[in-house]
Amino acid sequence: DPLTQINTLLPGSTIGILGGGQLGRMMSLAGTAMGYRFITLDPTPESPCGQVTPQIEAAYSDEDAARKLAAKSDVITYEFENVDAGVAALLERESYVPQGSSLLYTTQHRLREKRAIEAAGVPVAPYREITDLQSLTKAAEELGLPCVLKTATGGYDGKGQAVIRTADELETAYRELATSVRELVLEKYIAFQAEISVIAARSPKGEIKSFPVSENVHVNGILHLSIVPARIEESIQREARKLAEKLAESLGLSGLLAVEMFVTEDGRLYVNEVAPRPHNSGHYTMEACATSQFEQHIRAICNLPLGDTTLLSPVVMVNVLGQHLDEVVKRAGAPDDALNEFGVVPKLHLYGKNESKTGRKMGHINLLCKDVQHALDWVEQTQIWRQ
Ligand code: ADP
Ligand code: MG
């Protein structure tokens, strides 16, 4: 139809990215290879994305800067959820934002997000809205302990949440979290056999494709490993991809949707949270799939045919955090011969962040392998990830 044709952006078009972090950097590296031009808006001088594209250096809430970005871009995308509502509205008025702002609005808030997932007929862990200590006590009785208390907004990498195991921990957890944000949500703690994620793409013309299931291991609330193929039953993996595609359809997605799920011991799936953008647990696709999540994101927002998502090789992605960086950089030029026995091919990606801090995501390594166990042994043997 004519609308679809209008909204198809061919190579040569300029893509504006709100946010200049590693996701923007990898989006623009993939899109540049396809012939697109990029510009990013980010307050950090020489941001990870700004090192590879022109950058407007300004606060995310700066409307004049957003207007400049819109003027230079044929299409706008973002690399994080917490886009200022005023800026989002301005960009939609003055440019083309195929992802829209309504999905941002939904995923910025855990309660709105859970309601939208339930409305799509997809299960989430039992939860309650918490407004004060009294409602928390009542909710904990109804759900039964252990539970996880989370701030409704602003949380990431395990921040803004507390596990509650006994009733006498309720008040401390409440006082700790309610200081920053008023609205909280209490979730039943899910004793999972695995955490997995699926990244689904949908283009404005309605084509949908999902990537293979990633099995995710977190340490201290931060993603440590993605293991693909996931070590769970095939039928569960098929179900997980179906759920992610159903969500993409139901949310009217344009772009990518990362869907984090818990797999219970008895093989049931609960969606934990979703993100309307490329995701850390999809970095494995960069060398291991026929199309990377970043290329797929560009294809989806530009309304191109979506790329093939076939897995070309088993892979383990390991995150390089601040505390791992020095050792990883040191060894990048001198691979350890002792590790060759595993037949693992490590592909290093660093984000060029100016400041390294414990727990900060500085890069990742995709370990291509014959069997994921070889790559897991490689990670263990390097001793880099033991702290
Ligand atoms: P974030 O935005 O920080 O990623 P998540 O809700 O994904 O927040 O929580 C981070 C991690 O904490 C999850 O990946 C999981 O390991 C653990 N977690 C969160 N909620 C639950 C839950 N209801 N049951 C069990 N573990 C949970
Ligand atoms: Mg998460």
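All values derive from a computational prediction rather than experimental measurement.

## What to know about the sheet that holds strand E4 (residues 75-78)
And then number 1: As summarised here, the arrangement of the four strands in space is E3-E2-E1-E4, forming an open sheet in which the pairing is parallel. The open sheet has two edge strands with one neighbour each: strand E3 (55-57) and E4. Each neighbouring strand pair of the sheet contributes to a mean axis angle of 20°, computed without reference to strand direction.

## Looking at the site of ligand 1
And then number 1: Neighbouring ligand 1 are 19 residues; Lys150, Gly158, Glu195, Asn272 and Glu273 lie closest to it.
And then number 2: Between an oxygen atom of ligand 1 and a side-chain N or O atom of Lys150, the distance comes to 2.6 Å.
And then number 3: Between an oxygen atom of ligand 1 and a main-chain N or O atom of Asp157, the distance comes to 3.0 Å.
And then number 4: For ligand 1, whose accessible area on its own is 540 Å², the fraction buried by protein is 90%.
And then number 5: At the level of secondary structure, the elements contributing two or more residues to the shell around ligand 1 comprise strand E6 (147-151), strand E8 (184-188), strand E9 (192-202), strand E13 (255-264) and strand E14 (269-275).
And then number 6: Split into classes, the residues belonging to the shell around ligand 1 amount to six nonpolar, five polar and eight charged.
And then number 7: When residues of the shell around ligand 1 are sorted by domain, at least three fall in each of domain 2 (126-188) and domain 3 (192-386).

## Some thoughts on empty space enclosed by the protein
And then number 1: Using the criterion set out here, one finds one cavity of 30 Å³ or more in the structure.
And then number 2: Every residue lining the largest cavity is listed: Leu18, Ile76, Thr77, Tyr78, Val83, Ala88, Leu91, Glu92, Val97, Gly100, Ser101 and Leu104.
And then number 3: Among the elements of the structure, E4 and helix H4 (85-94) are those that each provide at least two residues to the lining of the largest cavity.
And then number 4: Here the lining of the largest cavity is composed, by residue class, of eight nonpolar, three polar and one charged.

## Quick word on the packing of helix H7 (residues 133-143) against helix H8 (residues 170-178)
And then number 1: It is the contact of H7 with H8, at a shortest axis distance of 10 Å, that shows an interaxial angle of 135°. Classed by the angle they form, the pair H7 and H8 counts as oblique. The way H7 lies across H8 gives a crossing that is right-handed. On H8, the residues touching Leu133, Leu136, Thr137 and Ala140 of H7 are Leu170, Glu171, Tyr174 and Arg175.

## Looking at helix H6 (residues 110-119)
Since the α-helix turns once every 3.6 residues, residues separated by three or four places project in the same direction.
And then number 1: Burial in H6 covers these residues: Arg110, Leu111, Glu113, Lys114, Ala116 and Ile117.
And then number 2: Immediately beyond the C-terminal end of H6, within one or two residues, lies Gly121, with a positive phi of roughly 80°.

## Focus: the confidence of the model for the protein
Any residue range with low pLDDT should be treated as having predicted coordinates unsuitable for detailed reading.
And then number 1: Across the protein, the average pLDDT comes to 94, with 96% of residues at 70 or higher.
And then number 2: Every residue in residues 1-5 is under pLDDT 50, and counting partners more than four places away or in other chains gives two contacts.

## Description of the pattern of salt bridges
And then number 1: Evaluation of the coordinates by the stated rule reveals 18 salt bridges.
And then number 2: A salt bridge links Glu187 to Lys150; its shortest N-O distance comes to 3.0 Å. Note that Glu187 is positioned in strand E8 and Lys150 in strand E6, a separation of 37 residues in sequence.
And then number 3: The class for Glu187 is buried, based on a relative accessible area of 3%.
And then number 4: Lys150 sits in the buried class, given a relative accessible area of 4%.
And then number 5: One network of salt bridges, in which partners are shared, links Asp64, Arg67 and Glu94.

## Digging into the domain arrangement of the protein
And then number 1: Parsing the protein into structural domains produces domain 1 (2-97), domain 2 (126-188) and domain 3 (192-386).
And then number 2: Measuring from the centre of the C-alpha atoms in domain 1 to the corresponding centre in domain 2 gives 36 Å.

Scoring rules and cut-offs
- Residues numbered from 1 in each chain as written.
- Chains lettered and ligands numbered in written order.
- Predicted model: local features only at pLDDT ≥ 70, side-chain atom pairs only at ≥ 80, totals over all residues.
- Heavy atoms only, no water.
- Pairing = 2+ DSSP bridges.
- Helix = DSSP H or I, 4+ residues; strand = E, 2+ residues; numbered from the N terminus.
- Axes fitted to C-alpha atoms, helices over the stretch in contact; angles between N-to-C directions.
- Near = heavy atom within 4 Å.
- Polar contact = N/O pair within 3.5 Å; in protein donor to acceptor, adjacent residues only side chain to side chain.
- Areas by Shrake-Rupley, 256 points an atom, 1.4 Å probe, with all protein chains shown as cover.
- Nonpolar A, V, L, I, M, F, W, Y, C, P; charged D, E, K, R; others polar.
- Domains from an automatic or database assignment.
- 1 Å grid on protein atoms, 1.4 Å probe; cavity = no way out; pocket = protein on both sides within 12 Å on 5 of 7 lines; lining within 4 Å.
- Points joined across faces, edges and corners; volume = space filled by probe spheres on them.
- Parallel < 35°, antiparallel > 145°, perpendicular 65-115°, else oblique.
- Left-handed = near helix turned anticlockwise from the far one by under 90°.
- Contact = heavy atoms within 4.5 Å.
- Buried < 20%, exposed > 50% of the residue type's maximum accessible area, 1.4 Å probe, protein only.
- pLDDT = per-residue confidence, 0-100.
- Salt bridge = Lys/Arg side-chain N within 4 Å of Asp/Glu carboxyl O.

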